[in-house]
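Chains, contacts and geometry: an overview
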Amino acid sequence: MSQLQRPARPASLFPKLKSGPKAMNAEEVAAHQQARLSGAMIAAVARRGYPATTVDELGALAGVSKRDFYRLFSSKQECFFATFEQLTDDFAGQVERAATAAVGLRDQATATIEALADVIETAPGAVALVLVDSLTVGEAADDPRRRSQERFATLLQAAFAQMPEGEVSALTARAIVVGIRRLAYRTIRDRTPQRLRRAAPALADWIVAYAQAPSGPDRIMTPAVLPQRPPASELDWEEPPAGPIARMELSQRERIMRAIAQLVCKDGYGKLTIPAISATAGTSNQTFYAEFGGKEEAFLAGFDALAEEALEATRSGIDAGATWPARAEEALASYLAHLQSERLFAELAYLELPAMGRAGLERLDVFMDELAGIFEADAPVPKPSDRDELVSAAIVGGVWGAIRQEIMSGKRTELTALQPALIRFVSVGFGS
């Protein structure tokens, strides 16, 4: 009878260290092993994603024993963050060198974006680890990601401060950085570094516009009154899906989607199981699989339903006769009001969907493109055929980043306080 074979261990990516008189000392060996493990982390995460990467796989790829691995790192997560920090330092150094070599904010911005395109072209896996895969690590990655974002925002603010027009707010600088990060993600996904490079001048004009825009108090609007939900969505998403009201008014498919939304907001997507979904929805596992192929499909279907409600609320808050920029202002006010009132959508869109990794980011990208279409309607700029659509993507990405920071800080119910600053960010951006 044939025996089951173990899967082959991945071959090491690095040559063995030399022995003999020219051998490294202990400190040099440790540094060399750490560098090899960082390279292995980039390769493994690019292949399988962070959750599926194992210490055994990292050791095999790096040519480092498990014993030596644990001499250097206490866990896979610690190794990941060491790699993250090193890559962030490397990227920041490249950005600083590119910016320093140019004169003036516009040329510095252009050079920086071109340098980003070069990095993505030469090391897409490393950039993806920092921008995409770090999201799947969970809350532990929030502080390192925030520090990385603040580092680049500080560099940007310093560049603005050198312009005669003056400085920009910290929120504007952070929003620009997050907007550019969104473009980097799309560039990695679509494998289009040349497109990002070509768009560098248009993106630089967009960035400079925030320093050149007239200063003064932002227009303050009263948050729009949210429209009534359509009949199919009258039952609140926080209603227990297995309760008598939900059983009477919702289909089994709708109850499953709502159960998932509630469970993910409570415990996170990583802890989601089919039995828990079925129990919360008041259905069976068999019913679940009759409706969905798996938990990812069901979760994304639930998000799509909530996202469509958010988009409809945003559109419905626009006065029928509104034109630019009032149209964009009213849309943004309605969107912020919807986020304040709809906890499940806000937490799924800004916290849980990114934590899924590539699948969640892909769906979020589709939603933000829809939102961009609402904000930029009638804006005084040529259509994307003449003005690269990456600028629009960056603007909405910046809005998303500013909102996410508030939600992560537990300030979802205070989002309308951001309204003046975000209205200026959108208005200046689409008017640039």
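This structure is a prediction, so every number in the text was calculated from the model and none was measured. Along each chain, numbering runs from 1 in the same order as the chain's sequence is written. Reporting of local features is limited, given that this is a predicted model, to residues whose pLDDT is at least 70; pairs of side-chain atoms are given and counted only at 80 or more, and all residues count toward the totals for whole chains, interfaces and linings. By convention in this description, side-chain values take in all heavy atoms of the structure and omit both hydrogens and water.

A closer look at the overall build of the chain
Put simply, the rule is: For the purposes of this entry, the term helix denotes a DSSP run of H or I that reaches at least four residues, the term strand denotes a run of E that reaches at least two, and both are numbered from the N terminus. In this scheme, a residue with accessible area under 20% of its type's maximum is buried, one over 50% is exposed, and one in between is partly exposed, where area comes from a 1.4 Å probe on protein chains only. Contacts are assigned to residue pairs that have any heavy atoms within 4.5 Å of one another. In these tables, accessible area is a Shrake-Rupley quantity obtained with a 1.4 Å probe, and a residue counts as shielded only by the protein chains included in the view.
The helix and strand inventory of the chain stands at 19 helices and zero strands. For the chain, the proportion of its 432 residues judged to be buried stands at 51%. Summarising the internal contacts of the chain: among those between residues at least 6 apart in sequence, 74% fall at separations of at least 24. As presented, the chain carries roughly 20,500 Å² of accessible surface, and 52% of it is formed by carbon and sulfur atoms.

What about the packing of aromatic side chains?
Spelled out, the test is: Pairing of aromatic rings covers Phe, Tyr and the six-membered ring of Trp, with a centre-to-centre limit of 6.5 Å; geometry is then stacked below 30 degrees between planes, edge-to-face above 60, and tilted otherwise.
Following the criterion strictly, the structure yields 16 aromatic pairs and no others. With a centroid separation of 6.1 Å and 75° between ring planes, the pair formed by F303 and F367 is classed as edge-to-face. Taken together, the positions of F303 in helix α14 (residues 295–316) and F367 in helix α17 (residues 358–375) put the pair 64 residues apart, joining distant regions of the chain. With relative accessibility at 1%, the residue F303 sits in the buried group. Among the residues examined, F367 registers a relative accessible area of 5% and is labelled buried. Between Y335 and F367 the ring centres are 6.3 Å apart and the planes differ by 40°, which places this aromatic pair in the tilted class. Here Y335, found in helix α15 (residues 326–341), pairs with F367, found in helix α17; they are 32 residues apart in sequence, far enough to count as distant. Overall, Y335 belongs to the buried group, its relative accessible area being 0%. Ring-pair connections join several aromatic residues into one group, and the members of that group are F303, Y335, F345 and F367.

Quick word on the side chain of R404
Checked against the element boundaries, R404 lands in helix α18 (residues 390–408). With near-sequence residues (within four places) excluded, R404 lies in contact with L135, D142, Y350 and P354.

Comments concerning the packing of α14 against α15
In plain terms, the rule: Note on definitions: angles span 0 to 180 degrees between N-to-C directions of axes, and those axes are lines fitted to C-alpha atoms, for helices only across the stretch in contact. Oblique is the label for any angle not under 35 degrees, not over 145, and not in the 65 to 115 range, which are roughly parallel, roughly antiparallel and roughly perpendicular in turn. A clockwise turn of the near helix away from the far one marks a right-handed crossing, whereas an anticlockwise turn of less than a right angle marks a left-handed crossing. Classification convention: Asp, Glu, Lys, Arg as charged; Ala, Val, Leu, Ile, Met, Phe, Trp, Tyr, Cys, Pro as nonpolar; all other residues, Gly among them, as polar.
At a minimum axis distance of 7 Å, the contact between α14 and α15 shows a crossing angle of 140°. Here α14 is positioned oblique relative to α15, judged by the angle of their axes. Classified by chirality, the crossing of α15 by α14 is right-handed. Two secondary-structure elements touch here, α14 through E309, A310, A313 and T314 and α15 through A331, S334, Y335 and H338. Looking at the contact of α14 with α15 residue by residue, the class counts come to four nonpolar, three polar and one charged.

As for the environment of P193
Mapped onto the secondary structure, P193 falls in helix α9 (residues 193–212). Judged by its relative accessible area of 11%, P193 falls in the buried class. Separated by 69 residues in the primary sequence, P193 and P124 place their C-alpha atoms 9.7 Å from one another. Not counting chain neighbours up to four residues away, the residues in contact with P193 comprise A117, E121 and T187.

Topic: the layout of surface pockets
Space left empty within the atom packing is revealed by a probe, the size of a water molecule, rolled over the atoms. What counts, and what does not: Here the term cavity refers to a set of points on a 1 Å grid, laid over the protein atoms alone, in which a 1.4 Å probe fits but cannot get out; the term pocket refers to an open set having protein on both sides within 12 Å along at least five of seven lines, with lining residues being those that place an atom within 4 Å of a point. Grid points are joined across faces, edges and corners, and a volume is the space filled by probe spheres set on the points.
The calculated volume of the largest pocket comes to roughly 710 Å³. Surrounding the largest pocket, 31 residues form its lining, V95, T112, F152, L155 and V177 being those nearest its centre. Mapped onto the lining of the largest pocket, the elements with two or more residues apiece are α4 (76–100), α5 (105–122), α6 (124–131), α7 (142–161) and α8 (170–190). Sorting elements by how many residues they give to the lining of the largest pocket places α5 first, with eight residues. Among the residues making up the lining of the largest pocket, the classes are represented as 22 nonpolar, seven polar and two charged.

A word on helix α2 (residues 55–62)
Here α2 lies mainly inside the structure; seven of its eight residues are buried. When α2 is considered as a whole, its buried residues turn out to be V55, E57, L58, G59, A60, L61 and A62. Where α2 is buried, its residues contact α1 (26–48), α3 (66–72) and α4. Looking at the residues trailing α2, positive phi occurs at G63, about 70°.

Some points on the side chain of T53
Let me state the cut-off plainly: We define a polar contact as two N or O atoms separated by no more than 3.5 Å, with the added condition that, inside protein, one atom must be a possible hydrogen donor and the other a possible acceptor, whereas residues neighbouring each other in sequence contribute only through side-chain atom pairs.
Its location among the elements puts T53 in the loop between α1 and α2. A polar contact of 2.9 Å, which involves the side chain of T53, links it to the backbone oxygen of G49. Sequence-distant contacts of T53, that is, excluding residues within four places in its chain, are made with A44, V45, L58 and K76.

With respect to the nonpolar core
Our working definition: Among the buried residues, those of types Ala, Val, Leu, Ile, Met, Phe, Trp, Tyr and Cys that are joined through side-chain atoms within 4.5 Å form a nonpolar core.
Among the nonpolar cores identified, the biggest contains 138 residues, and F160, W206, F345, F367 and I403 are the most heavily contacted of them. Beyond its immediate stretch of four places on either side in the chain, F367 contacts F303, A307, A310, L311, Y335 and F345.

Focus on the packing of α9 against α18
One can describe the packing of α9 onto α18 by two numbers: an axis separation of 9 Å at closest approach and a directional angle of 50°. Between α9 and α18, the angle falls in the class oblique. Both α9 and α18 take part in a crossing whose hand is right-handed. Residues R195, L196, A199, A202, L203, W206 and Y210 of α9 pack against L390, V391, A394 and I395 of α18. Across the contact of α9 with α18, the residue classes break down as 10 nonpolar, no polar and one charged.

By themselves, these are just geometric observations and shouldn't be taken as functional.
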